[in-house]
Amino acid sequence: MRSLLNALQDGRLIELPDTDKMKSLKYLAHLIEAIPEIGGSVDLAEQVMAQEQSNNTGIGLGVACPHVRVPGSGDLLSAVGWSPTGIDYGSKDGKKVYLVVMYYIPEAQKNTYLKEVSSLVRAVRPEGEIQSIAKAEDIAKVREELLDWVSASIDAGIPETKARMIRLEARQAAMATEPVLSTGATPSPILLFPLLILPQPGDKYTVLCENHELSGLLENDPTLAVSLKQRANFERAGFRLIFRGVQIYDPARPLYDYIAVKIS
């Protein structure tokens with residue numbers, strides 16, 4: 001389950017902000033698209049949506065594993081979404097999905113992917129195992145449970161000494177990603193910010209985003225017009241901004257739809 005471990009270490013575990021299945025899949029696809037190695041070379045969201053319409057990826061027991069296969073080599077990558085209330089996913093067992101693990105699968109990694117999903121199923125299968133995640137009080141608890149799953153899988157496949165080293169590495173990485181908090185505060189699970197950009201007279205822009213610091217930075221960015229004209233993905237202040245679409249209300253007032261993914 002190395003891909004899952006890497007996702008946890010690299011901050012690709014989020015609390016899904018919506019219980020709508022397709023919106024949740026788009027969020028995870030955009031999170032993978034923000035990985036520098038991907039480089040915007042493929043429209044993951046579009047491919048995931050098309051695949052899901054033809055073949056439901058719920059594997060049962062409250063878990064779904066949507067995926068995209070691409071030609072060539074590269075690493076098996078994943079992103080993980082947790083839904084506290086569950087998603088009506090249409091799985092064959094009829095159960096809500098609380099954990100969505102999305103995979104990016106280069107052709108050379110297809111066997112690695114099959115092994116990882118098999119390990120994930122073995123971790124979930126014990127009676128009531130998914131309940132520890134379905135009933136978790138916050139994203140930090142979900143991360144801890146997933147690290148236990150990874151540790152158990154590693155323990156079963158390699159010598160104990162190496163397993164302990166990897167388990168320690170994983171837990172240290174998880175602790176390093178936690179923000180410094182005041183007493184009683186809780187870490188924010190949000191790593192993605194929907195963002196709308198509306199041109200104004202005088203080469204100005206209004207940026208609508210719940211991250212006010214990012215909004216202000218973009219509104220004062222003299223190079224923003226170039227990126228918008230190209231409808232390109234770009235990076236600013238530790239965020240990767242991924243183009244999702246544009247609505248043309250009149251030629252002078254297009255509304256640009258982006259999603260900002262925190263990458264540092």
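Residues numbered from 1 in each chain as written. Predicted model: local features only at pLDDT ≥ 70, side-chain atom pairs only at ≥ 80, totals over all residues. Heavy atoms only, no water.

## Digging into the overall build of the protein
For step 1, the next point in the chain: The secondary structure content of the protein amounts to nine helices and 11 strands.
For step 2, the next point in the chain: By the burial criterion, 48% of the 264 residues in the protein qualify as buried. (Helix = DSSP H or I, 4+ residues; strand = E, 2+ residues; numbered from the N terminus. Buried < 20%, exposed > 50% of the residue type's maximum accessible area, 1.4 Å probe, protein only.)

## So, unusual backbone geometry
For step 1, the next point in the chain: One non-glycine residue, L61, lies in the positive phi region at around 60°.
For step 2, the next point in the chain: Tracing the sequence through the fold places L61 in the loop between strand 2 (58-60) and strand 3 (63-64).
For step 3, the next point in the chain: Judged by relative accessible area, L61 falls into the partly exposed class, the value being 29%.

## Re the pairing of strand 11 (residues 254-262)
For step 1, the next point in the chain: The buried fraction of strand 11 is high, at seven of nine residues.
For step 2, the next point in the chain: Here six bridges tie strand 7 (residues 192-200) to strand 11, and the two strands are oriented antiparallel to one another. Counterpart to L196 in the pairing with strand 11 is D257.
For step 3, the next point in the chain: By the bridge criterion, nine bridges tie strand 10 (residues 239-248) to strand 11 in an arrangement that is antiparallel. Residue pairing in the sheet places G245 in a bridge with D257 of strand 11. (Pairing = 2+ DSSP bridges.)

## Focus: the packing of aromatic side chains
For step 1, the next point in the chain: Considering all chains together, one arrives at three aromatic pairs under this definition.
For step 2, the next point in the chain: Ring centres of F234 and Y258 lie 5.6 Å apart, and the angle between their planes is 65°; on these two criteria the pair is classed as edge-to-face. Of this pair, F234 sits in strand 9 (residues 234-236) while Y258 sits in strand 11, placing them 24 residues apart in sequence. Both residues of the pair, F234 and Y258, count as buried.
For step 3, the next point in the chain: Centroid distance F243 to Y258: 5.5 Å. Interplanar angle 70°. Geometry classified as edge-to-face. One end of the pair, F243, is in strand 10; the other, Y258, is in strand 11, with 15 residues separating them in the sequence.
For step 4, the next point in the chain: Owing to a relative accessible area of 24%, F243 belongs among the partly exposed residues under this scheme.
For step 5, the next point in the chain: Its end group placed over the ring of Y89, K21 keeps NZ or CZ at 4.2 Å from the ring centre. (Phe/Tyr/Trp six-rings, centres within 6.5 Å; stacked < 30°, edge-to-face > 60°. Lys NZ or Arg CZ within 6 Å of the ring centre and 35° of its normal.)

## So, the sheet that holds strand 11
For step 1, the next point in the chain: Taken in spatial order, the five strands of this open sheet run 8-7-11-10-9, and their pairing is antiparallel. The open sheet has two edge strands with one neighbour each: strand 8 (204-208) and strand 9. Each adjacent strand pair in this sheet contributes to an overall mean axis angle of 35°, direction not counted.
For step 2, the next point in the chain: In terms of strand pairing, strand 7 meets strand 8 through five bridges, oriented antiparallel. (Axes fitted to C-alpha atoms, helices over the stretch in contact; angles between N-to-C directions.)

## Focus on the confidence of the model for the protein
For step 1, the next point in the chain: Mean pLDDT over the protein stands at 80; residues scoring 70 or higher make up 82%.
For step 2, the next point in the chain: Ranking the elements of the protein by mean pLDDT puts helix 7 (residues 160-176) last, at 51, and strand 6 (residues 97-106) first, at 94.
For step 3, the next point in the chain: Residue range residues 176-190 is modelled with pLDDT below 50. Its contacts to residues more than four positions away, or to other chains, number 12 contacts. (pLDDT = per-residue confidence, 0-100. Contact = heavy atoms within 4.5 Å.)

## Digging into the pairing of strand 6
For step 1, the next point in the chain: Counting buried positions over the 10 residues of strand 6 gives 10, a clear majority of the element.
For step 2, the next point in the chain: Direction of pairing for strand 3 relative to strand 6: parallel, over a ladder of two bridges. The residue bridging V63 from the neighbouring strand is L99, located in strand 6.
For step 3, the next point in the chain: Pairing between strand 5 (residues 77-87) and strand 6: seven bridges, direction antiparallel. Counted as the bridge partner of L77 is Y104 from strand 6.

## Brief notes about the environment of V68
For step 1, the next point in the chain: Along the polypeptide, V68 turns up in strand 4 (residues 67-70).
For step 2, the next point in the chain: The exposure class of V68 is buried, given its relative accessible area of 4%.
For step 3, the next point in the chain: Once you skip the residues sitting within four places of it in the chain, V68 turns out to touch L44, Q47, V48, Y103, Y104 and I105.

## Side note on helix 3 (residues 44-54)
For step 1, the next point in the chain: Residues of helix 3 that are buried include every one of L44, A45, V48, M49, Q51 and E52, and no others. Viewed end-on, helix 3 has its buried residues packed into an arc of 165°, placing them on one side of the element. In helix 3, the exposed residues that point more than 90 degrees away from the buried face are E46, Q53 and S54.
For step 2, the next point in the chain: The secondary structure elements touched by the buried residues of helix 3 are helix 2 (21-33), strand 4 and strand 6. (Arc of directions from axis to C-beta.)

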